[in-house]
Amino acid sequence: YLAPKQASKRRGRGAAGKGKKGRRSKSAKKGSFQGLRNLNMKGTLRAKRAKVSDLRLQDVRLKVSAKNGVIRLNPMTAKLYRGSFSGNSIMDVRSKRPRIEVHYQLNGVQASPLLKDLTDSDRISGLAQFKADLKMSGDNAAQIKRSLNGKTQFTFRNGALKGVNIAQMIRNAYNLIQLRPMEP
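Residues numbered from 1 in each chain as written. Predicted model: local features only at pLDDT ≥ 70, side-chain atom pairs only at ≥ 80, totals over all residues. Heavy atoms only, no water.

## What to know about the overall build of the protein
Heads up, the rule is: Segments assigned H or I by DSSP are reported as helices when at least four residues long, segments assigned E as strands when at least two residues long, and all are numbered from the N terminus. Buried means the residue's accessible area, taken with a 1.4 Å probe over protein chains only, is under 20% of the maximum for its type, while exposed means over 50%, and partly exposed covers the values in between. When checking whether two residues touch, look at their non-hydrogen atoms; a contact exists if any pair is within 4.5 Å. Note on areas: Shrake-Rupley with a 1.4 Å probe; residue coverage comes only from the protein chains shown.
Looking only at helices and strands, one finds 5 helices and 7 strands in the protein. Helices and strands appear in the protein in the N-to-C order α-α-β-β-β-β-β-α-β-α-β-α. By residue count, 23% of the 184 residues in the protein fall in the buried class. For the protein, long-range pairs separated by at least 24 residues make up 40% of all intrachain contacts whose partners lie at least 6 apart in sequence. Accessible surface, the protein as shown: approximately 13,700 Å² in total, 53% of it carbon and sulfur.

Here's what the structure looks like:
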C-alpha cells in the first residue's frame with residue numbers, strides 16, 4: 001500500500017512533507033497512521049519460495065486483514081532451514097498511540113545455515129527454538145522501547161560452537177578446581 005501523494009503547493013510544501021527551507025514539517029516528524037486507519041482489505045499471500053533479508057523461506061502463507069484501523073496478520077506460516085515459523089500480529093492504530101501485539105514461534109530451525117545466510121558466519125550449529133509474546137505501543141522508537149512488555153523463550157539443542165571444544169574446557173575447569181594438571 002502506498003499512501004496517495006498530496007500536492008500542497010499553496011502551503012509551500014511538496015509531497016515529502018518538507019518546508020521551503022528543506023526542513024521536515026511538524027506533521028512529518030511523527031508517524032502518520034491515517035493511511036492505515038482508512039485501510040480496508042482482506043487477502044492471502046502464498047509463496048512456494050521467498051527470500052527476505054537473505055533468509056530463504058518455503059511454503060510461505062500470510063493472511064492479512066485490515067478494517068477500521070486494526071490490521072491483522074493471522075496466520076503467518078513458513079518453513080525455513082528444516083524448521084518452521086508460525087505467528088500472528090495485530091496493529092491497532094485507532095488511537096493516537098498505536099498498539100502492536102506479536103506472537104511468533106520458531107521450531108527446529110537449523111542455526112548454521114540460517115546464520116550463514118543472515119550474517120555470513122556459521123560458527124554456531126544446532127537446533128533453535130524461539131517463542132515471543134510481546135506487546136508494545138507508541139508512534140516512535142523511544143515510546144515503543146519504553147512500552148515493550150512480554151515474554152520470550154529461546155532453546156538451543158545439540159548446539160556447538162565451531163572451533164571450540166566445550167567438553168575439553170569443562171574438563172580443564174574441573175581439573176583446575178581439583179588442583180590436577182590440565183589436558184593439552
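Structure's up, so let's keep going.
## Points about the nonpolar core
Under the convention used in this document: Definition of nonpolar core: a set of buried residues of the types Ala, Val, Leu, Ile, Met, Phe, Trp, Tyr and Cys, connected through side-chain atoms within 4.5 Å.
In this structure, Leu55, Leu57, Val60, Ala78, Leu80, Tyr81, Val109 and Leu114 together form the largest nonpolar core, which totals 8 residues. Residue contributions to this core peak at 3 residues, all from strand β2 (residues 55-67). Apart from the residues lying within four places of it in its own chain, the contact partners of Leu114 are Leu55, Leu80, Tyr81 and Val109. Counting residues in each nonpolar core, the second largest holds 5 residues, with Phe33, Leu39, Ala66 and Val93 among its members.

## What about the pattern of salt bridges?
Just so we agree on the cut-off: Salt bridge criterion: a side-chain nitrogen from Lys or Arg within 4 Å of a carboxyl oxygen from Asp or Glu.
Enumeration over the complete set of coordinates arrives at 7 salt bridges. In this structure, Lys79 engages Asp59 in a salt bridge whose closest nitrogen and oxygen atoms are separated by 3.4 Å. Linking Lys79 in strand β3 (residues 70-80) with Asp59 in strand β2, this pair joins segments that are 20 residues apart in sequence. Here the salt bridges do not stand alone but share partners, grouping Lys48, Asp59 and Lys79 into one network.

## Let's talk about unusual backbone geometry
Following Asn74, the chain continues into Pro75 via a peptide bond in cis, with omega recorded as 0°. Despite not being glycine, Ser53 has its phi angle at roughly 50°, a positive value. Residue placement: Ser53 occurs in the loop between β1 (41-52) and β2. Backbone geometry at Asn68 places phi at a positive 55°, although glycine is not the residue there. Within the secondary structure layout, Asn68 lies in the loop between β2 and β3.

## Details of the sheet that holds β3
Condition: We treat two strands as partners when DSSP finds at least two bridges between them. To define axes, lines are fitted to C-alpha atoms, for helices over the stretch in contact only, and angles between the resulting N-to-C directions are given on a 0 to 180 degree scale.
Taken together, 7 strands build an open sheet; the order of strands is β1-β2-β3-β4-β5-β6-β7 and the sheet is antiparallel. Pairing within the sheet leaves two strands with one partner each, and these edge strands are β1 and β7 (149-161). Strand-to-strand twist in this sheet, taken as the mean axis angle between neighbours without regard to direction, amounts to 10°. Alignment of β2 against β3, held across 7 bridges, turns out to be antiparallel. Across the sheet, Val64 pairs through a bridge with Leu73, a residue of β3.

## Brief notes about helix α5 (residues 166-177)
The condition is simple: One less than the residue count of a helix, multiplied by 1.5 Å, gives the span that helix is expected to have. Working definition: the arc comes from the directions between the helix axis and the C-beta atoms, pointing outward to the latter.
Between its first and last C-alpha, α5 extends 17 Å over 12 residues, near the 16 Å set by a 1.5 Å rise per residue. Along α5, the residues that are buried comprise Gln168, Asn172 and Asn175. Take α5 and look down its axis: the buried residues cluster within an arc of 60°, on one side only. Residues of α5 that are exposed and angled more than 90 degrees away from the buried face: Met169, Ile170 and Ile177. Just downstream of α5, Leu179 is the residue with a positive phi angle, here 60°.

## Here's the deal with a nonpolar patch on the surface
To be explicit about the condition: What makes a patch is a set of residues exposed beyond 30% relative accessible area and free of salt bridges, joined within 9 Å when like-charged and within 5 Å when nonpolar (Val, Leu, Ile, Met, Phe, Trp, Tyr).
Side chains of Ile124, Phe154, Phe156, Leu161, Val164, Ile166, Met169 and Ile170 sit close together on the surface and give an oily, nonpolar patch of about 710 Å² of accessible area. Mapped by element, the contributors of at least two residues to the nonpolar patch are β7 and α5. Take Phe156: it is sitting in strand β7.

## Focus: the pairing of strand β6 (residues 124-137)
As judged from the 10 bridges shared by strand β5 (residues 99-110) and β6, these two strands associate in the antiparallel manner. Counted as the bridge partner of Glu101 is Lys135 from β6. Where β6 lies against β7, 11 bridges are found, and the strand directions are antiparallel. Its bridge partner being in β7, Asp133 is matched across the sheet by Lys151.

Note that every value here comes from positions in space, so none of it alone points to a role or purpose.
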